[in-house]
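Structural overview
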Amino acid sequence: MTTGETQKIREDRPRERRTTERTRLAVAGARAAGQGLYTPRSAKHRVTNTLFSAVLFLGLGTALVALTAIIGWALVEGWPRLDANLFLAGPSTINPEEAGFRTAIIGTVYVIGGVIALIVPLGVGAAIYLEEFADRERWYNRFIELNIQNLAGVPSIVFGILGLAFIVRGLGNFGFVAAAGSMTLALLVLPTVILASREAIRAVPSSVRNGSLALGATLWQTVWRNVLPAAAPGILTGVILGVARAIGEAAPLLLVGAVTFVVYDPSFFEGGYSVLPVQIYNYAKRPQEEFHVMAIAGVLVMLVVLMLINSFAIWLRNRYEKKW
Amino acid sequence: MAVDLTVTTARGRTKPASVTADGSDALGEPRPLPPTVFDVSDLFVTYGSHRAVREVSLTVHEREITALIGPSGCGKSTVLRCLNRMNDQVPGARVTGKVAYYGEDLYAPQVDPIEVRRRIGMVFQKPNPFPKSIYENVAYGLRVEGRRPKSELDDRVEEALTGAALWDEVKDKLKESGFALSGGQQQRLCIARAIAVRPEVLLMDEPCSALDPIATAKVEDLMLKLADEFTIVIVTHNMQQAARVSDRTAFFTAENDSEGVRHGRLVEYDVTDKIFSNPADRRTEDYISGRFG
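What you are looking at is a predicted structure, and each value in this text was computed from that prediction instead of being measured. Starting afresh in each chain, residues are numbered from 1 along the sequence in its written order. Following the order in which they are written, the chains are lettered starting with A and the ligands numbered starting with 1. It should be noted that, the model being predicted, local features are given only for residues of pLDDT at least 70 and side-chain atom pairs only at 80 or more, the latter also being counted only at that level, while totals for whole chains, interfaces and linings use all residues. Derived side-chain values reflect all non-hydrogen atoms in the structure, with water molecules and hydrogen atoms excluded from consideration.

**A few points about the overall build of chain A**
The line we're drawing: Secondary structure is summarised from DSSP: a helix means a run of H or I of at least four residues, a strand means a run of E of at least two, and numbering begins at the N terminus for each. Only protein chains enter the accessibility calculation, which uses a 1.4 Å probe; a residue is then buried when its area is under 20% of its type maximum, exposed when over 50%, and partly exposed in between. Working rule for contacts: check all heavy atoms of both residues, and any pair within 4.5 Å makes them a contact. Surface exposure here means Shrake-Rupley accessible area, sampled with a 1.4 Å probe, where a residue is shielded only by the protein chains that are shown.
What chain A contains, in helices and strands, is 13 helices and 0 strands. When the helices and strands of chain A are placed in sequence order, the string is α-α-α-α-α-α-α-α-α-α-α-α-α. Across the 324 residues of chain A, 36% fall into the buried class. Intrachain contacts of chain A at a sequence separation of at least 6 include 69% that bridge at least 24 residues. About 18,800 Å² of surface is accessible on chain A, with carbon and sulfur atoms providing 67% of the total.

Put into structure tokens, the structure is as follows:
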């Protein structure tokens, strides 16, 4: 067949006939696939998307509604007792109208202050050791790591018994004082703080460490001047979570002496003390209706204290974050 | 012999005549080599049980730019990190053989790696400014050395930033974050940070690989300027870069030994012009002419 003949045949056949059936199918398929990317999604996709969004909103909504309901209910029920006495007066079993949470607030501030003073250096120190200095090949370092993770899941009452046996009595022998409560709660939340701090330290890129070491900084200088400031926001988040948990704990404190009725302002190292959740429980279990109102108002007091402490920590975190 | 060996680089820097192939200058007068800074002999680096780099021997001379080139995985960065003991930071890394720094064994037990790194600065592949202000980035090395009066710190920061050709661009924003700078500026900030402590040597690990051509040209100009004052060892992927800036070039390659274990080796080490014009080894020639790698 000469070139001329071929040319002739091509001209005879209509253009679209020159492709085989299979090629046309492939082209159609490719075009459809390409168009799929640019045309609106099919109805099936729309339904799935809507469903999924709905589930997400349902989750968010449930959490928000429950929270608002509780706070709203506490506000309405506790309203008659929301006055200065609630914060400034000590507890009373005789006249509920004038009783307040003064000693419990002071007790909580002492206990939580002690917890913060303990968990920040201990938690951050442990995290630095495990992340920067520990040799992971050594069995004891792996043993410590494993146990910290396990401790984070131990029920709080166990820490209460531990505190009673080793801090209130036994080795520490501090007696039933606020300091013992601080130490017990610190043990309870330490694993959380250590795990969060380790994550934060690990998130600091190794290029920063190498850059610092290459300038002749020691490992300690590198950690102190470079790694810790960069990890501070994450570490503070861990501390906020730990403190939030510690504030609400009643069970372990019952065992280490947060006795429920303290008329005089407590001190850190001697005498009985109480904390807000325990005081709330004490009011709630009394038969008189007025004390129930007190308990509800106490919930609001606890929320206010929690928010004050947390907003300080968040302010601190933002200050570190804002720097860079 | 050395008839036409005084070489002017593309950037107009006349290389010291002592760097000609036989150590003589353009007129054929024998000139002494500059003092030896590093004398590496029979260096092996092992990661775990893997002997990654084998039998490397080379010398680095004062106020020259020595380039280490070669394909990926040939161990050039590993060798560079041996020179300021940064390999100490790599878990499982072990260095055998001798690395002498002005005649002193860097790996002798009494040598403090902190002191080594103070005197031998390093610039990394990716610009890695600290999450601090520009000023604090440059002052960092001085601060870790010990307390200094503010006025002295100010002077040294300005000196270092000027030396890194960055002062004019940042003098009005010293308090701003180091991350606010462009990639090229960040790399020059890292160079400023390294020279602020007045090291004797600057090690650069592919300092331009994350930069665009304009920023690369600036950093190369800077290297040529810094070579008046510092000894520079640079690892680079970019052969043109090695040809443009360096006085001596070491070509590394990755090979399989008889058991099939891949490892890095030094193939050829010579004056840059010789490596690029008349290499002694076939593998070097193949690499620089683009036949592999």
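Further notes follow.
**Concerning a nonpolar patch on the surface**
Residues and elements named next belong to chain A. The following threshold applies: Surface patches are defined over residues having more than 30% relative accessible area and no salt bridge, joining like charges when they lie within 9 Å and nonpolar side chains (Val, Leu, Ile, Met, Phe, Trp, Tyr) when within 5 Å. Criterion for a salt bridge: a side-chain nitrogen of Lys or Arg within 4 Å of a carboxyl oxygen of Asp or Glu.
A cluster of nonpolar residues, Tyr129, Phe133, Trp139, Tyr140, Phe143, Ile144, Trp220 and Trp224, forms a patch on the protein surface that exposes about 930 Å² of accessible area. Among the secondary structure elements, those contributing two or more residues to the nonpolar patch are helix H5 (102–133), helix H6 (139–151) and helix H10 (219–248). No other element matches H6, which puts 4 residues into the nonpolar patch. Structurally, the position occupied by tryptophan 224 is in helix H10.

**Some details on the interface of chain B and chain A**
For clarity, the threshold we go by: A simple way to read buried area is as the amount of 1.4 Å-probe accessible surface that goes missing from two parts once joined, with both sides added. Under the rule applied, a polar contact is a pair of N or O atoms within 3.5 Å (in protein, one hydrogen donor and one hydrogen acceptor; residues adjacent in sequence only if both atoms are side-chain atoms).
Chain B puts 23 residues into the contact, and the matching count from chain A is 17 residues. Taken together, the two surfaces of chain B and chain A that pack against each other cover about 1,800 Å², and 64% of this comes from carbon and sulfur. Among the residues of chain B in contact with chain A, B:Pro131, B:Tyr140 and B:Val144 are the three that bury the most area, contributing 29% of the side total. On inspection of chain B and its partner chain A, the count reaches 0 salt bridges. Linking chain B with chain A are 6 residue pairs in polar contact (both at pLDDT 80 or more).

**Some thoughts on the packing of helix H3 (residues 134–145) of chain B against helix H4 (residues 150–163) of chain B**
Residue and element names in this part refer to chain B. In plain terms, the rule: Each axis is a line fitted through C-alpha atoms, and for a helix only the stretch in contact is used; angles between axes span 0 to 180 degrees, taken between their N-to-C directions. Each angle gets one of four labels, with under 35 degrees taken as roughly parallel, over 145 as roughly antiparallel, 65 to 115 as roughly perpendicular, and the rest as oblique. In a left-handed crossing the near helix is turned counterclockwise from the far helix by less than a right angle, and in a right-handed crossing that turn is clockwise.
Close contact between H3 and H4 brings their axes to 9 Å; oriented N to C, the two are set at 110°. On the basis of their axis angle, the class for H3 and H4 is roughly perpendicular. Handedness of the crossing formed by H3 with H4: right-handed. Residues Ile134, Tyr135, Val138, Ala139, Leu142 and Arg143 of H3 lie in contact with H4, whose contacting residues are Lys150, Leu153, Asp154, Arg156, Val157, Ala160 and Leu161.

**What to know about the UniProt feature "transmembrane region" (unreviewed entry) in chain A**
Definition in use: UniProt positions are given in the numbering used here, feature names are shortened, and annotations may be inferred rather than shown by experiment.
In the numbering used here, UniProt assigns the "transmembrane region" (unreviewed entry) feature to residues 51–76, 104–130, 151–168, 174–196, 235–264 and 291–316 of chain A. Each end of residues 291–316 of chain A is marked by a C-alpha atom, and these two atoms are 37 Å apart; helix forms 100% of the span and strand 0%.

**Details of the pattern of salt bridges**
A full pass over the atoms with the stated rule returns 31 salt bridges over all chains. With a closest N to O distance of 3.6 Å, A:Arg136 and A:Glu145 form a salt bridge. Exposure remark for A:Arg136: the relative accessible area of 40% places this residue in the partly exposed category. Overall, A:Glu145 belongs to the buried group, its relative accessible area being 16%. Between B:Arg244 and B:Glu220 there is a salt bridge whose closest N-O contact spans 2.7 Å. One end of the pair, B:Arg244, is in helix H8 (residues 239–245); the other, B:Glu220, is in helix H7 (residues 213–226), with 24 residues separating them in the sequence. Residues joined in a network through salt bridges with shared partners are A:Glu131, A:Arg136, A:Glu145, A:Arg198, A:Glu199 and A:Arg202.

**Focus on unusual backbone geometry**
Trans peptide bonds make up most of the peptide bonds, and negative phi angles are found at most residues other than glycine. Residue and element names in this part refer to chain B. One non-glycine residue, tyrosine 102, lies in positive phi territory at about 45°. For tyrosine 102, the position within the fold is in the loop between strand S4 (93–101) and strand S5 (104–105). Exposure remark for tyrosine 102: the relative accessible area of 37% places this residue in the partly exposed category. Of note, the phi angle at alanine 165 is positive, near 55°, even though the residue is not glycine. Following the sequence through the fold, alanine 165 ends up in the loop between H4 and helix H5 (167–170). With relative accessibility at 38%, the residue alanine 165 sits in the partly exposed group.

**As for the environment of B:Pro129**
Residue and element names in this part refer to chain B. The residue proline 129 is located in the loop between strand S6 (120–123) and H3 in this model. For proline 129, a relative accessible area of 3% gives the class buried. Along the backbone, proline 129 and leucine 142 are 13 residues apart, and their C-alpha atoms lie at a distance of 15 Å. When near neighbours in sequence (up to four residues on either side) are disregarded, proline 129 contacts Asn137, Gly178, Phe179, Gln186, Leu189, Cys190 and Arg193.

**Notes on the pairing of strand S9 (residues 248–256) of chain B**
Residue and element names in this part refer to chain B. The line we're drawing: Strands are labelled as partners when DSSP assigns at least two bridges between them.
Most of S9 sits out of view: 7 of its 9 residues are buried. Here strand S3 (residues 65–69) runs beside S9; their pairing, made up of 4 bridges, is parallel. Bridging from a neighbouring strand, alanine 67 pairs with threonine 249 of S9. For S9 and strand S10 (residues 262–271), the ladder comprises 9 bridges, and the chain directions are antiparallel.

**Side note on the confidence of the model for chain B**
Residue and element names in this part refer to chain B. Note the threshold: Every residue is assigned a pLDDT by the predictor, reflecting its confidence on a scale from 0 to 100.
With 89% of its residues at a pLDDT of 70 or more, chain B shows a mean pLDDT of 87. The secondary structure element of chain B with the lowest average pLDDT is helix H10 (residues 282–288), at 90, and the one with the highest is strand S8 (residues 231–235), at 96. Here residues 1–25 scores under 50 on pLDDT; set against residues more than four positions off or in separate chains, the count is 60 contacts. Reported for the predicted complex are a pTM of 0.77 and an ipTM of 0.84.

**A few points about the nonpolar core**
Filter applied, for reference: Here, nonpolar core means buried Ala, Val, Leu, Ile, Met, Phe, Trp, Tyr and Cys residues that are tied together by side-chain atoms lying within 4.5 Å of each other.
Residues A:Phe101, A:Ile119, A:Tyr273 and A:Leu276 are the most contacted members of the largest nonpolar core, which totals 62 residues. Contributions of two or more residues to this core are made by H5, helix H7 (156–168), helix H8 (178–202), H10, helix H12 (276–284) and helix H13 (289–323) of chain A together with H3 of chain B. With 12 residues, the top contributor of residues to this core is H8(A). In this view, A:Tyr273 contacts A:Val111, A:Phe176, A:Val177, A:Ala178, A:Gly181, A:Leu253, A:Val256, A:Gly257, A:Ala258, A:Val259, A:Val262 and A:Pro266; residues no more than four positions away in its chain are not counted. Counting residues in each nonpolar core, the second largest holds 47 residues, with B:Ala139, B:Leu166, B:Val219 and B:Leu222 among its members.

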